[in-house]
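What the coordinates show
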Amino acid sequence: MRGIAVLTPEAALQRQNASLLGLSADEAADRLRNCGPNIIASEARHGGWRRFMQLLASPLSLMLLVLASVNFAIGEAWGALMISVMVILSSLLSFVQEHRSDRAAQRLRSMVATTATVLRAGREKSEIPLSALVPGDIVFLSAGDIAPADVRILSARNLFISQAALTGESLPVEKTPTALAGADADAGAFADLSNLAFMGTNVVSGTATAVVIATGKRTAFGHIAADLLKKRELTSFDLGINRYIRLIMRVMLVMVPLVFLVNGATKGDWLEALLFAVAVAVGLAPEMLPMIITINLAKGALAMSEKKVIVKRLNAIQNFGAMDILCTDKTGTLTQDKIILEKHVDINGADSQKVVEYAYLNSYFQTGLKNLLDVAILAYADVHEKIEPDRHFRKLDELPFDFERRRMSVIVQQADGARLLICKGAVEEILSICTHAEHDGVPAPLAPRHGAALNETVDDLNEDGFRVIAVAYRQLPPADGPGEQTFSTADESALTLVGYIAFLDPPKDSAVEAIKALHHYGVTVKVLSGDNGAVVHNVCRHVGLSGERVVLGDDIDALDDKALGELAEQTSMFAKLNPRQKARVIRCLQQRRHVVGYLGDGINDGAALKSADVGISVDSAVDIAKESADIILMRKSLMVLKEGVIEGRKVFGNIAKYIKMSSSSNFGNMLSVLGASAILPFLPMAPVQILLNNLLYDFSQTAIATDHVDKDYLKQPRRWEIVDIGRFMLVLGPVSSLFDYVTFATLWYAFGAGEHPLLFQSGWFVESLLSQTLVVHVIRTGKIPFIQSKPSLPLLVTTAAICLLAFWLPASPMAPALGLSALPFSLNAAILAIVACYLLATQLLKSWLILRFGLK
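Source: prediction; values computed, not measured. (Residues numbered from 1 in each chain as written. Predicted model: local features only at pLDDT ≥ 70, side-chain atom pairs only at ≥ 80, totals over all residues. Heavy atoms only, no water.)

Glancing now at the overall build of the protein chain. Helix and strand counts for the protein chain come out as 34 helices and 23 strands. Per-residue burial over the protein chain gives 56% buried out of 856 residues. Long-range contacts, defined here as pairs at least 24 residues apart, represent 75% of the contacts in the protein chain between residues at least 6 apart. Per element, the accessible surface of the protein chain, about 35100 Å² overall, is 59% carbon and sulfur. (Helix = DSSP H or I, 4+ residues; strand = E, 2+ residues; numbered from the N terminus. Buried < 20%, exposed > 50% of the residue type's maximum accessible area, 1.4 Å probe, protein only. Contact = heavy atoms within 4.5 Å. Areas by Shrake-Rupley, 256 points an atom, 1.4 Å probe, with all protein chains shown as cover.)

Now for the nonpolar core. Nonpolar side chains in soluble globular proteins tend to end up buried together. Ranked by internal contacts, the top residues of the largest apolar core, which has 134 residues, are Leu326, Leu334, Ile616, Ile631, Leu633 and Phe765. In contact with Ile631, other than residues within four places in its own chain, are Val309, Ile310, Val311, Ala316, Phe320, Val614, Gly615, Ile616 and Ser617. (Core = buried A, V, L, I, M, F, W, Y, C linked by side-chain atoms within 4.5 Å.)

To continue, consider the pattern of salt bridges. For the coordinates displayed, the defined rule picks out 17 salt bridges. Here Arg407 makes a salt bridge to Glu492, at a shortest N to O gap of 2.9 Å. Residue Arg407 is found in strand β12 (residues 407-414), and its partner Glu492 is found in the loop between β16 (467-476) and β17 (495-504); the two are separated by 85 residues along the sequence. In this structure Glu492 comes out as buried when scored by relative accessible area, which is 3%. A salt bridge links Asp707 to Lys657, with the nearest nitrogen and oxygen atoms 2.6 Å apart. You can see Asp707 sitting in the loop between α28 (687-701) and α29 (722-750) and its partner Lys657 sitting in helix α27 (residues 638-679), a full 50 residues away along the chain. Both residues of the pair, Asp707 and Lys657, belong to the buried class. Salt bridges sharing partners connect three or more residues here, namely Glu174, Arg406 and Glu428. (Salt bridge = Lys/Arg side-chain N within 4 Å of Asp/Glu carboxyl O.)

Within this structure, the stated rule accounts for 3 cavities of 30 Å³ or more. Approximately 140 Å³ is the volume attributed to the largest cavity. Lining the largest cavity are 13 residues, and of these Asn669, Met670, Ile690, Ser768 and Gln772 sit closest to its centre. Elements with a minimum of two residues in the lining of the largest cavity: α11 (270-284), α27, α28 and α30 (757-774). Among the elements that make up the lining of the largest cavity, the one with the highest residue count is α27 (4 residues). Of the residues contributing to the lining of the largest cavity, the split by class is 6 nonpolar, 7 polar and no charged. (1 Å grid on protein atoms, 1.4 Å probe; cavity = no way out; pocket = protein on both sides within 12 Å on 5 of 7 lines; lining within 4 Å. Points joined across faces, edges and corners; volume = space filled by probe spheres on them. Nonpolar A, V, L, I, M, F, W, Y, C, P; charged D, E, K, R; others polar.)

So, on to helix α14 (residues 353-365). Compared with an ideal rise of 1.5 Å per residue, which puts 13 residues at 18 Å, α14 spans 19 Å between its outermost C-alpha atoms and is within 8% of the ideal. Taken together, the buried positions of α14 are Val355, Val356, Tyr358, Ala359, Tyr360, Leu361, Asn362, Ser363 and Phe365. The N-cap of α14, judged by a side-chain oxygen 3.5 Å from the amide nitrogen of Lys354 a few residues on, is Ser352. (Expected span 1.5 Å × (residues − 1). Polar contact = N/O pair within 3.5 Å; in protein donor to acceptor, adjacent residues only side chain to side chain.)

Moving on, we come to the sheet that holds strand β18 (residues 524-528). Here we have 8 strands laid out as an open sheet, ordered β8-β23-β22-β21-β9-β18-β20-β19, and mixed in their pairing. In this open sheet, the two edge strands, each paired with only one partner strand, are β8 (309-311) and β19 (551-552). Of the strand pairs in this sheet, strand β9 (residues 325-328) and β18 are connected by 4 bridges, and their pairing is parallel. Directly across from Thr328, in β18, lies its bridge partner Val527. Its contacts with the sheet put helix α21 (residues 533-543) on β18, β19 and β20 (573-575), and the angle it makes with β20 is roughly 155°. (Pairing = 2+ DSSP bridges. Axes fitted to C-alpha atoms, helices over the stretch in contact; angles between N-to-C directions.)

Right, let's get into the packing of aromatic side chains. Scanning the model with the defined rule gives 9 aromatic pairs in all. Measuring from centroid to centroid gives 5.9 Å for Tyr360 and Tyr364, while their planes differ by 15°, and the two rings are stacked. Placement of both Tyr360 and Tyr364 in helix α14 is noted, with a separation of 4 residues, approximately one turn of the helix. Taking relative accessible area as the criterion, Tyr364 reaches 25% and is therefore assigned partly exposed. One aromatic cluster is present, formed by Phe682, Tyr741, Phe744, Phe760 and Trp764 through successive ring pairs. Taking the ring centre of Phe140 as reference, the NZ or CZ of Lys125 above it sits at 4.2 Å. In this structure, Arg718 is placed above the aromatic ring of Tyr713, and the distance from its NZ or CZ to the ring centre is 4.1 Å. (Phe/Tyr/Trp six-rings, centres within 6.5 Å; stacked < 30°, edge-to-face > 60°. Lys NZ or Arg CZ within 6 Å of the ring centre and 35° of its normal.)

So, about the environment of Arg406. Structurally, Arg406 can be placed in the loop between β11 (393-402) and β12. Taking the relative accessible area as the measure of exposure, Arg406 reaches 25% and is therefore partly exposed. Residues Arg406 and Val427 lie 21 residues apart in sequence; the distance between their C-alpha atoms is 9.3 Å. Other than its neighbours up to four places away in sequence, Arg406 contacts Glu174, Phe401, Gly425, Ala426, Glu428 and Glu429.

This part is about the side chain of Thr798. Turning to its location among the elements, Thr798 is positioned in helix α32 (residues 793-808). Residue class for Thr798 comes out buried when judged on its relative accessible area of 16%.

Direction vectors running N to C along α27 and α30 enclose 155°, while the axes themselves pass 11 Å from each other. Here α27 lies roughly antiparallel to α30, going by the angle between them. Seen from above, α27 lies across α30 with right-handed handedness. Along its contact with α27, which presents Met661, Ser665, Asn666, Asn669, Ser672 and Val673, the element α30 presents Trp764, Ser768 and Gln772. Across the contact of α27 with α30, the residue classes tally to 3 nonpolar, 6 polar and no charged. (Parallel < 35°, antiparallel > 145°, perpendicular 65-115°, else oblique. Left-handed = near helix turned anticlockwise from the far one by under 90°.)

On to unusual backbone geometry. Residue Ala121 is not a glycine yet carries a positive backbone phi of 60°. Phi is positive for Ala494, close to 55°, though the residue is something other than glycine. You can see Ala494 is positioned in the loop between β16 and β17. On the basis of relative accessibility, which here comes to 43%, the residue Ala494 falls in the partly exposed class.

Among the secondary structure elements, Ala612 is positioned in the loop between α25 (606-611) and β22 (614-618). In sequence terms Ala612 and Tyr598 are 14 residues apart; their C-alpha atoms lie 5.9 Å from each other.

Turning to the side chain of Thr176, a few remarks are in order. Positionally, Thr176 belongs in the loop between β5 (173-174) and α8 (182-186). With relative accessibility at 11%, the residue Thr176 sits in the buried group. A distance of 3.4 Å separates the side chain of Thr176 from the backbone nitrogen of Thr178, its partner in a polar contact.

The alternating pattern of strand β21 (residues 596-599) places Val596 and Tyr598 on one face and Gly597 and Leu599 on the opposite face, and all of these are buried. The pairing of β9 with β21 spans 4 bridges and is parallel. Each bridged residue has a counterpart across the sheet, and for Thr328 the counterpart in β21 is Leu599. Summarising the sheet, β21 and β22 pair through 3 bridges and their orientation is parallel. Along β22, the bridge assignment pairs Gly597 with Val614.

Here's what the structure looks like:
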């Protein structure tokens, strides 16, 4: 690309073996065969069954399916069926949600050009499919077109192209046919090459003729797309689940064989010991976890849909809650993605109404294509009403813009007959034809010493990220006679500089409030932009992002990953980043144990969206961004992200409740089973009772998705901390086991259950079910349950229902089939007292854990 940028248009055509008459049909066909269709690779969309099997093949699901297979092999078909149904239902729920979201995301795809205007074999221009475009084709561009491939500009008139989707630059850039000097071509990013236009960028104004130099995967767009097809890294959520599964499997690998060996050795019935050990394994395994996770995530996705957010990947909801750094592109997220006239100043930097009025007259009376800057001038508040151009001025002539002069002028006659030439354009070009400058409204001759002062005002504006245009005028002498006078560029001389107009893509009104809100919830915002440093710094300053230093893409290339990670933690502003540099910054932050989200909508954001733990895009984004994103916003607003953060933390909080509760209770049960197996002459609980106990307890927890989450819990990012889960398990599990042994002693000594195995098993069944079901109310909050933090009504109802069922089952008609027997009233009262003491002890130890380790 850089090589062709230094060639003249004629030499560029020769390089492509092309001519201005276009390729012949045979040449185009040969090149299409050699180069392939002009199609960008996209992420493969798997069929329904394959996507479902991928969801089913998660580590947690595989572990549970292995347990189901073992159950089936030893004749426990009911247990195998129960586990399999749980796993399949949870995977099916995830599949349905993601399939619906993916279909909705496809419907949101913005309309893009499907044809290109080309000239072939010297015939009339024709429209051909984009896929049929080949290197060497002569294409024609005009306002509103999207560049169909990477092209070299051969001729152009007033051509401005928006590269925001590719680079993040908020303002359109000029494109010219002029050959670049070698030094110019070697300096800066490829997108800075002013005589090349790139696939996916759109023409804002002007027209051009260009020759195609690259198509399909060989384009800049195509290289970015290729990076996106690489396998996605595991997110914070995925890694957390995998670590938890490894923890459970380590516990099972120790406890289950011990239970089997102890029971086999003490009871002598190895088959019964095997059945019991498998039931214990099922009891230890969190078989409801896939369902609990899916229900919570689906509920979060539903809540987000009400806020006009489509969740493509359910796991992204939890990553929202864990996110502590949000990286975002600048254009359209922090800014309005709309150019406005922000300042109109004289040569000293003071506000000047005359500057904006002259600029308005220039844009109003020009007949050429109006670019975005002209549109911004004409939209400026109340200028038309103040000067009434149609009433007080008459247009005499205009000198159109061209890339050699880089300015344009209009000549108008005022109501008193005076004639005025008003010129606006690039600062350096305007200054070169000015002999005077207005100072406090009075023209004064320009001297060499004034150059520094004039440049200082312009430099200050540029440093603040403004695009600056100079405005000058000249009072023309009266006409020689009544005939029409012809004007030329020679009349653009001896002008008086009146001042400057400055343009900006302004920050959104909601950006400051949104960044403050995210900061309040522990999320740091960082800007990763392809735009220049001055613009990025100015926008960040306006939206309240601190820091003086803007790190450029060239700066980070000189750093290793460790140094870049340290720098990225301390820096809020990155500019002139290419797609790979954006993704690298995110990966380096992740290596320092941050959960990183990325918000972007351009071609250059695709790699960053895929690297982030949660990729966020918008409905108007380019296809490649939407394919890479996990979440699609229906409107560009950081305030929506705040809502997503809160929803994600609610989801995580409710999932964490189940994990802490099930891991501690199940671990405690294993300790109880191990000891009871060693000291009792019979099984402490029959395998069918263990499975039923587990099923009922799990059913009571399905309402966790509806539970309230304490407000102070939502203030900080929440992520998987296996050490914290381990502490809950190792501290609260033995407490559960301790009260199980109290129950054993009560049954053995107070009620003579040593002689009545059914009574012993029934008593422990009731106590175990009550304690596991009710302890959720203690673990669900860091506060005092029911007093400082109330559960949701569905959770309260389901736990109450299971508790009543626990007392009813031993006396029900189903009791014989379940191996249960009715309990005397006094034993039920004793069990209630033991459970109450257990809950009190758990509350005290939980409070100690929170104070000692900061757990919640």
